[in-house]
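Examining the three-dimensional arrangement
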Amino acid sequence: MIAYSDLVRVSLRQVTRQKSYGVMVSIALGITAFIALAVLGQEIRYKVGQDMVLMGGVNVIRVTMEDRQYPGQPLRAFSPESIAGIRGLTGVDSVSVGSRNAQFFQLKTRNERTLGTLLYGVDNLFIPTFSVDVIAGRALNEDDMQRHRRVCVLGRDLAVNLYERPERAVGKLLFVGREVIEVIGVISGVMLGDWSEAAFMPYTTFIDRQWGDGKITRLFVRATGWEDVARLSRLIPEVVHSNQTAPYLTVYTRDDQLTRLQDTFMWVQSLLWLGIIASLMLGGFGIWYGTFAAVRARTREVGLKKAMGGSDRDIMSQFLCEALCKSVAGGILGIILGVSSVVIGVWALGTSVPLLQLILSCIGSIVFSAIIGVAGGIFPAIQASRMDVVTALRFE
């Protein structure tokens, strides 16, 4: 029986002579994609979920008290216990509080026209909940809420209509009835929509004047990712009802957009996995075809080895080891490229390297590469081991 060290040495020499670089590259690309998707897939999914507000706000859940829609019902507000309970739910990124209804007022534009505008009462978490950018001045902060300050921020379109450029709005005074409100900033963002023509002030100041509902009647709950939206939509009413009476509580989500987004992501992920499988299968077929070609080209060599006393097991082991060397070499190259892609991806995403997942993926890649080599080389190797000595020696 041939020694294992000699078997590996001979097999490596044969692989080098055959120059099966295409097969090894195909396996390497499949392994690279497998490691990158296995290690970074969850992190990418999380990041996409964090940025969903830029794609329609599908992970922002709107929770309102709709008592005004039912005559004779008292107007109920969210209690501090309900708000704290929602903020404590797993998967909740932030909760912004405010009044559902706005206060309407009229302003004079720079062209001396009258402009009807809505003023909303919000808290300092409204801007991060909707990923809104402050393009001039500053945002509302916790101190504004605590001190009930008469300040506001304007949507970009409103600031442009009033003062031509957003930066000119900062420091201006708005006259709302008998109230004088200072503009401290201008905000802009995809999720503002029609709110880009509105103004926003501290909800504490807003409620003091009994504007809107005069109470906290609306919550904006931002989920960490889209996977949390359905679960939170079920849990939020349970939390509220366990802390207070809320017969007309309404939970609103963008189900259609969420479904389309989930379907799109599922198809993209499926196509990626299909690409990985296709690449690995191509490598397996390459090993199968290459081993068959090697057996045919070395038929006389096989006959000679058998005539000199080589066993069927030695012949099969040699061809199988050659197939394994090709696949494992491709796997090692794929691991190097895969680890490099993970390091680059982690740097781009701004996260830490998930070492456990990376190690398990690398181990799995080597094992899977070996399986591909065995699957692709076993049948040609068996055929080589079963050759008739006389027929093999007569082969031209």
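Residues numbered from 1 in each chain as written. Predicted model: local features only at pLDDT ≥ 70, side-chain atom pairs only at ≥ 80, totals over all residues. Heavy atoms only, no water.

An unreviewed UniProt entry annotates the chain as ABC transporter permease of Candidatus Desulfovibrio intestinipullorum. Annotation of the chain in UniProt includes, under Sequence similarities (unreviewed entry), the sentence "Belongs to the ABC-4 integral membrane protein family." (UniProt positions renumbered as here; feature names shortened; annotations may be inferred.)

It is worth spelling out the overall build of the chain at this point. Of the regular secondary structure elements, the chain holds 14 helices and 11 strands. Pairs at least 24 residues apart make up 80% of the contacts formed inside the chain by residues separated by at least 6 positions. Summing over all exposed atoms, the chain offers an accessible surface of approximately 20200 Å²; the carbon and sulfur share of this is 59%. (Helix = DSSP H or I, 4+ residues; strand = E, 2+ residues; numbered from the N terminus. Contact = heavy atoms within 4.5 Å. Areas by Shrake-Rupley, 256 points an atom, 1.4 Å probe, with all protein chains shown as cover.)

A water-sized probe, rolled over the atoms, reveals where empty space remains. Tallied over the entire structure, the rule returns 3 cavities of 30 Å³ or more. Its volume calculated, the largest cavity comes out at about 40 Å³. Forming the walls of the largest cavity are Ser96, Val97, Gly98, Ser99, Gly121, Val122, Arg218 and Phe220. Those elements that place two or more of their residues in the lining of the largest cavity are strand E2 (92–98), strand E4 (114–122) and strand E10 (218–223). Its residues assigned to classes, the lining of the largest cavity comprises 3 nonpolar, 4 polar and 1 charged. (1 Å grid on protein atoms, 1.4 Å probe; cavity = no way out; pocket = protein on both sides within 12 Å on 5 of 7 lines; lining within 4 Å. Points joined across faces, edges and corners; volume = space filled by probe spheres on them. Nonpolar A, V, L, I, M, F, W, Y, C, P; charged D, E, K, R; others polar.)

Take Ile277: it is sitting in helix H10 (residues 255–297). What makes Ile277 partly exposed here is its relative accessible area of 44%. Residues Ile277 and Ile31, spaced 246 residues apart in sequence, show a C-alpha to C-alpha distance of 9.5 Å. (Buried < 20%, exposed > 50% of the residue type's maximum accessible area, 1.4 Å probe, protein only.)

Our focus in this paragraph is the UniProt feature "transmembrane region" (unreviewed entry) in the chain. According to UniProt, the "transmembrane region" (unreviewed entry) feature falls on residues 21–40, 271–295, 323–349 and 355–379. Split by type, residues 355–379 is 100% helix and 0% strand. Its first and last C-alpha atoms lie 37 Å apart.

A few words now on the side chain of Asp144. Looking at the element boundaries, Asp144 is found in helix H5 (residues 142–146). A residue is classified by how much of its surface remains accessible, and Asp144, at 0% relative accessible area, is buried. Among residues more than four places away in sequence, those in contact with Asp144 are Arg138, Ala139, Arg149, Val151, Ile184, Pro202 and Thr204.

Turning next to the pairing of E10. With 6 of 6 residues buried, E10 lies mostly within the body of the structure. Side chains of E10 alternate between two faces, with Arg218, Phe220 and Arg222 and Leu219, Val221 and Ala223 buried alike. Of the strand pairs in this sheet, strand E1 (residues 60–65) and E10 are connected by 5 bridges, and their pairing is antiparallel. Following the sheet pairing, Arg62 is matched in E10 by Phe220. As judged from the 6 bridges shared by E2 and E10, these two strands associate in the antiparallel manner. Bridge pairing links Gly98 to Arg218 in E10. (Pairing = 2+ DSSP bridges.)

So, on to the pattern of salt bridges. Under the criterion given, the structure shown has 13 salt bridges. Note that Arg76 and Asp67 form a salt bridge whose closest N and O atoms lie 2.8 Å from each other. We classify Asp67 as buried; its relative accessible area is 2%. Here Asp93 makes a salt bridge to Arg222, at a shortest N to O gap of 3.9 Å. Taken together, the positions of Asp93 in strand E2 and Arg222 in strand E10 put the pair 129 residues apart, joining distant regions of the chain. For Asp93, a relative accessible area of 38% corresponds to the partly exposed category. Salt bridges sharing common partners tie together Arg138, Asp143, Asp144, Arg147 and Arg149. (Salt bridge = Lys/Arg side-chain N within 4 Å of Asp/Glu carboxyl O.)

Our next topic: unusual backbone geometry. Outside of glycine, negative phi angles account for most residues, and trans bonds account for most peptide bonds. The backbone of Ser131 sits at a positive phi, close to 50°, despite the residue not being glycine. One non-glycine residue with positive phi stands out, namely His148, at about 55°. Topologically, His148 is positioned in the loop between H5 and strand E6 (151–155). Note on His148: relative accessible area 33%, which makes it partly exposed.

Attention now goes to the packing of aromatic side chains. Tallied over the entire structure, the rule returns 12 aromatic pairs. Taking 6.5 Å as the distance between ring centres and 80° as the angle between the ring planes, the aromatic pair formed by Trp195 and Phe200 counts as edge-to-face. Residue Trp195 shares its accessibility class with Phe200, and that shared class is buried. One aromatic cluster is present, built from ring pairs that chain together Tyr120, Phe126, Phe130, Trp195, Phe200 and Phe220. The cationic tip of Lys172 hangs over the ring face of Tyr163; the distance from NZ or CZ to the ring centre is 5.5 Å. (Phe/Tyr/Trp six-rings, centres within 6.5 Å; stacked < 30°, edge-to-face > 60°. Lys NZ or Arg CZ within 6 Å of the ring centre and 35° of its normal.)

Counting 42 residues, the largest nonpolar core has Phe78, Phe126, Phe200, Leu219, Val221 and Ile236 as the members making the most contacts within it. Discounting residues that sit within four places of it in the chain, Val221 has contacts with Asn59, Val60, Ile61, Val63, Ile86, Val92, Ser94, Val95 and Ile236. Listed in part, the 20 residues of the second largest apolar core include Cys152, Leu154, Ala159 and Met201. (Core = buried A, V, L, I, M, F, W, Y, C linked by side-chain atoms within 4.5 Å.)

On the surface, Leu271, Leu274, Ile277, Met281, Phe285, Trp288 and Phe379 cluster together into a nonpolar patch covering about 740 Å² of accessible area. A total of 6 residues in the nonpolar patch trace back to one element, the largest contributor, which is H10. (Patch = residues over 30% accessible without salt bridge, like charges linked within 9 Å, V, L, I, M, F, W, Y side chains within 5 Å.)

Along an α-helix, residues three or four apart share an orientation, since each turn contains 3.6 residues. Taking 1.5 Å per residue, 31 residues should reach 45 Å; helix H13 (residues 355–385) reaches 43 Å between its end C-alpha atoms and fits that length. Considering bend angle alone, the principal kink of H13 is centred on Ile378 and spans about 40°; proline Pro380 follows within four residues of it. (Expected span 1.5 Å × (residues − 1). Bend = angle between axes of the 7 residues up to and from the residue.)

The N-to-C vectors of helix H3 (residues 80–87) and helix H9 (residues 227–243) enclose an angle of 150°; their axes lie 9 Å apart at closest approach. The orientation of H3 relative to H9 falls into the category roughly antiparallel. Where H3 crosses over H9, the two elements pack in a sense that is right-handed. Contacts between H3 and H9 involve Glu81, Ser82, Gly85 and Ile86 from the former and Ile236, Val239, Val240 and Asn243 from the latter. Looking at side-chain class alone, the contact of H3 with H9 contains 4 nonpolar, 3 polar and 1 charged residues. (Axes fitted to C-alpha atoms, helices over the stretch in contact; angles between N-to-C directions. Parallel < 35°, antiparallel > 145°, perpendicular 65-115°, else oblique. Left-handed = near helix turned anticlockwise from the far one by under 90°.)

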